[in-house]
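Architecture at a glance
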Amino acid sequence: MSRQKIVELVLHNALILNVFSGQWHLSDLAIDKGIIVGFGGYIGKKMMDLKGAKVIPGLIDAHVHIESSMLTPYEFEKLILPLGTTTVIADPHEIANVLGMDGLRYMIEASEQCLLDIYLSLPSCVPATPFEHSGAQLDAKDLALYANHKHVVGLGEVMDFNGVLVKNKDIMAKIELFKRMGKPIDGHAPGLTGVDLDRYISTGIRTDHECETVDELREKIEKGMYVMIREGSAARNFDVLIKGVDSGNLNRILFCTDDRHPQDIVDEGHIDNHVRKAVANGLSFENAIQIATINAANCYQLKNVGAIAPGYQADFLILKSEDSFKVEGVYKKGILVHDAFTHKNALTMDNKLTLSMCNSMRMRPFDISELEIRREGSHINVIQILEGSLITPLLKLPNTDAVMETLLKLVVVERHHATGNIGKAYVSGLKLEHGGIAMTIAHDSHNIIAVGSDDVSIYTAIKGVERAGGGIVLSRGNDVLDVLPLKVAGLMSEHSAVEVTDKLKCLMTLVYSEFQMDAKIDPFLMLAFLALPVIPEVKLTDQGLFDVKKNQFIPVFTG
């Protein structure tokens, strides 16, 4: 006859989801020292009767850039942990592109201090391509310094798929480093199919979060990849891709947010939002939870999270309602999140922020006349913006006054090395009446990107960002209308999620009311991706207008 063991916590009458079988089981749940030790036959120093409440594992975001929340990791965890996300796979390539190894060290130190489990995929793309100027360069030798760290799970998204296809020496050295270690390598291959996709995958890349169609999702899964269904703020692929999920490919699907503004997290949720949307699209609740938990754990070889089972970390959620996925309680390592925050011996943000991290603006002074684009030729090459997509087709429009009146000017100003580079182009599909927007969030090199109806407003916004030490600025003519300072690498605020969200609300109100911008488009996230020259079809860097498919720069005016 076995003796009953005394443990720290026993939850009586818990209706527990087994993500391995998809079945629910009514049982006691025993937790000791932050670990699930078993189900029945335990006595708890603390006992709770759940009265049949449903219990599921903590949720996992399979791919996120914490910097895109505009919050430090310490504030980011306060925002998403209460929503049920207990683990994230973060790629810190945003801050690394600005601050290099200093930025990478900051994120690794944060992963060690946060309650939230932050596992890192080390950035493969610093810089993302040779067609832009970033603040730093990291090679395979740099990554090797942290590749064995306990919080490093693999290599971050390999964005330069053209570089992979031509076997670029630097990119292949990074891939080979992590292949030798047996760690996962993340992909980034929008629209890549057929033989090119075969060649890309054959290097060892095993995930992708850039699918746009069900056919693309199915081809990538059939060729051995995990596919992440993303619902960020700019890129919202969920409703299309969820229709491609079936019993045959379910175990190869993951959920991720990638880039999500704090206001969207507050309004809609985090991975909990993905679960609700999956169920609304016809997926069973049990399958949705499997995708949001154990699938990501399996993909990234995380042996102790993603399930409620003996030996697993006690990360779990108590549900108030399954139908609307309302979370009553979040437990992290066996401690209720609210209590965990209360007793956390956290380092304050200021203790981790050096002067160099808050002083990342190094611009060459320039005159407003340098924003001019000489108008010549019969046609204009224009970047087209599509709602809910990061794909920006190339439009060839006639060079007429009527066409020019429908376009906005787009500018990218190099801010890391004072080169004086200014890329200039035009965009279609983005409405903005009498004003300008400038920001230091411009994936992935994070130069200053600005758009506006006139050069004066654009220039005012750019100079406002420079004075702020980074951030987002709205302008009209010579006047700055409002500013969100982002002093940490020009990407993240020193302030709380509440303060950042409140300021973003003010900026959004101005954009939609004063600038008459389409409310279906998040202007700040959309603008941030217009400088990323690895997503088709055409983008703008500090070096000029870039045709991603042709892998070359093209003129603004032609013919």
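Numbers given to residues run from 1 along each chain, matching the order in which its sequence is written. Local features in a predicted model are, by the rule used here, given only for residues with pLDDT of at least 70; side-chain atom pairs are given and counted only at 80 or more, and totals for whole chains, interfaces and linings are based on all residues. Think of the side-chain values as coming from all heavy atoms in the structure, minus any hydrogens and water.

A few words now on the overall build of the protein chain. Numbered from the N terminus, helices here are DSSP runs of H or I no shorter than four residues, and strands are runs of E no shorter than two. On a plain count of helices and strands, the protein chain comes out with 19 helices and 28 strands. For a compact globule of 559 residues, the expected C-alpha radius of gyration is about 24 Å, and the protein chain comes in at 24 Å, within 12% of that figure. Taking the principal axes of its C-alpha atoms as reference, the protein chain extends roughly 90 × 50 × 45 Å. Summary of the burial criterion: residues with accessible area below 20% of their type's maximum are buried, those above 50% are exposed, and those between are partly exposed, where the area comes from a 1.4 Å probe applied to protein chains only. Classification of the 559 residues of the protein chain by burial places 61% in the buried group. Here the analysis covers contacts within the protein chain between residues at least 6 apart in sequence; of these, 70% occur between residues at least 24 apart. Using a 1.4 Å probe, accessible areas were evaluated by the Shrake-Rupley method; residue-level cover was limited to the displayed protein chains. Element-wise, carbon and sulfur atoms account for 50% of the exposed surface of the protein chain, whose accessible area totals about 20,800 Å². Counted as positive: Lys and Arg. Counted as negative: Asp and Glu, with His and the chain ends omitted from the count. A charge is said to be at NZ when it belongs to Lys, at CZ for Arg, at CG for Asp and at CD for Glu. Averaging the positions of the 55 positive and the 71 negative side-chain charges in the protein chain gives two centres separated by 4 Å. Here the globule rule reads 2.2 Å times residues to the power 0.38, and the radius of gyration is calculated from C-alpha atoms. The criterion used for residue contact is that any of the two residues' heavy atoms lie within 4.5 Å.

Moving on to helix 11 (residues 271-280). The element helix 11 is extensively covered by neighbouring structure, given that 7 of its 10 residues are classed as buried. Listed as buried for helix 11 are I271, D272, N273, H274, V275, K277 and A278. Once helix 11 ends, the next one or two residues include G282, with phi positive near 105°.

UniProt positions are given in the numbering used here, feature names are shortened, and annotations may be inferred rather than shown by experiment. The UniProt record marks residues 404-551 with the feature "domain: Adenine deaminase C-terminal" (unreviewed entry), using the residue numbering of this structure. Measuring from the first to the last C-alpha atom of residues 404-551 gives 26 Å, for a span that is 26% helix and 29% strand.

Below, the discussion takes up the pattern of salt bridges. The term salt bridge refers to a side-chain nitrogen of Lys or Arg lying within 4 Å of a carboxyl oxygen of Asp or Glu. Per the counting criterion, the structure on display carries 24 salt bridges. Of the charged contacts, one joins D117 and K332 as a salt bridge, the two residues approaching to 2.8 Å between their closest N and O atoms. Here D117, found in strand 8 (residues 117-122), pairs with K332, found in strand 15 (residues 326-332); they are 215 residues apart in sequence, far enough to count as distant. For the pair D117 and K332, a shared accessibility class is recorded, and that class is buried. For the salt bridge of K277 with D239, the shortest nitrogen-to-oxygen distance reads 3.2 Å. Pair noted here: K277 is in helix 11 and D239 is in helix 9 (residues 238-241), with a separation of 38 residues, a long-range link.

Packed helix pairs are specified by the crossing angle of their axes together with the interaxial distance, meaning the distance between the axes. With axes taken as lines fitted to C-alpha atoms, and helix axes fitted only over the stretch in contact, angles between N-to-C directions fall between 0 and 180 degrees. Relative to each other, helix 11 and helix 12 (residues 285-292) sit at 145°, their axes nearing to 9 Å. For the crossing formed where helix 11 meets helix 12, the hand is right-handed. Contacts from I271, V275, A278 and V279 in helix 11 reach F285, A288, I289 and A292 in helix 12. Nonpolar residues are Ala, Val, Leu, Ile, Met, Phe, Trp, Tyr, Cys and Pro. Charged residues are Asp, Glu, Lys and Arg, and all others, Gly as well, are polar. Its residues placed into classes, the contact of helix 11 with helix 12 shows 8 nonpolar, no polar and no charged. Take the far helix as your reference; a near helix turned counterclockwise from it by less than a right angle gives a left-handed crossing, and one turned clockwise gives a right-handed crossing.

Should DSSP find at least two bridges between two strands, the strands are regarded as paired. The pairing of strand 14 (residues 316-321) with strand 15 spans 5 bridges and is antiparallel. By the bridge assignment for strand 15, L319 is matched with V327. When strand 15 meets strand 16 (residues 335-336), the two strands line up antiparallel, connected through 2 bridges. Across the sheet, Y331 pairs through a bridge with L336, a residue of strand 16.

Quick look at the environment of R467 now. Within the secondary structure, R467 is located in helix 17 (residues 455-468). Sequence-wise, R467 and P485 are 18 residues apart; in three dimensions their C-alpha atoms are separated by 9.5 Å.

Attention shifts here to a nonpolar patch on the surface. Note that patches include only residues with greater than 30% relative accessible area and no salt bridge, and the join distances are 9 Å for like charges and 5 Å for nonpolar side chains (Val, Leu, Ile, Met, Phe, Trp, Tyr). Together, I6, I43 and M47 make up a nonpolar patch on the protein surface, roughly 260 Å² of accessible area in all. Within the secondary structure, M47 is located in strand 4 (residues 42-49).

What counts as a ring pair is set by centres within 6.5 Å for rings of Phe, Tyr and Trp (its six-membered ring), and what kind of pair is set by the plane angle: stacked under 30 degrees, edge-to-face over 60, tilted for all other angles. Using the criterion set out here, one finds 10 aromatic pairs in the structure. Where F238 meets F255, the ring centres are 5.6 Å apart and the plane angle is 40°; that geometry is what we call tilted. Here the residue F238 occupies a position in helix 9, and F255 occupies one in strand 13 (residues 253-256), the gap between them amounting to 17 residues. There is no split in this pair, since F238 and F255 are both buried. Site record: aromatic cluster; members linked through ring pairs are W24, F285 and F325. Here the basic side chain of K54 rests over the ring of W24, its NZ or CZ set 4.7 Å away from the ring centre. Whether a charge sits over a ring depends on NZ of Lys or CZ of Arg being within 6 Å of the ring centre and within 35 degrees of the ring normal. A cation sits over an aromatic face here: R252 above Y226, 3.9 Å from the ring centre.

With that settled, the discussion passes to the nonpolar core. The nonpolar side chains of a soluble globular protein tend to be buried with one another. Here, the term nonpolar core denotes a set of buried Ala, Val, Leu, Ile, Met, Phe, Trp, Tyr and Cys residues that are joined through side-chain atoms within 4.5 Å. Counting 156 residues, the largest nonpolar core has Y200, I437 and F524 as its most contacted members. Of the residues forming this core, the biggest block, 7 residues, is contributed by helix 18 (residues 497-513).

All right, on to the sheet that holds strand 26 (residues 544-547) then. The sheet built from 3 strands is open, its strands ordered 25-26-27 with antiparallel pairing. Of all strands in the sheet, those bounded by a partner on one side alone are strand 25 (538-541) and strand 27 (552-553). In this sheet, strand 26 lies alongside strand 25 in antiparallel orientation, the contact comprising 4 bridges. Bridging across to strand 26, V538 finds its partner in D547.

A few words on the pairing of strand 14. Sheet topology note: the strand 5 (residues 54-57)/strand 14 ladder contains 3 bridges and is antiparallel. Looking at the pairing, V55 lines up with I318 of strand 14.

This part is about unusual backbone geometry. With an omega dihedral of 0°, the bond running from V126 to P127 counts as a cis peptide bond. One can find P127 in the loop between strand 8 and helix 4 (140-144). H443 connects to D444 through a cis peptide bond whose omega is -5°. For D444, the position within the fold is in the loop between strand 21 (436-439) and strand 22 (448-452). Even without glycine at this site, D258 takes up a positive phi of about 65°. Here D258 lies in the loop between strand 13 and helix 10 (262-268). The exposure class of D258 is buried, given its relative accessible area of 3%. Of note in this structure, K333 is not a glycine but carries a positive phi near 55°.

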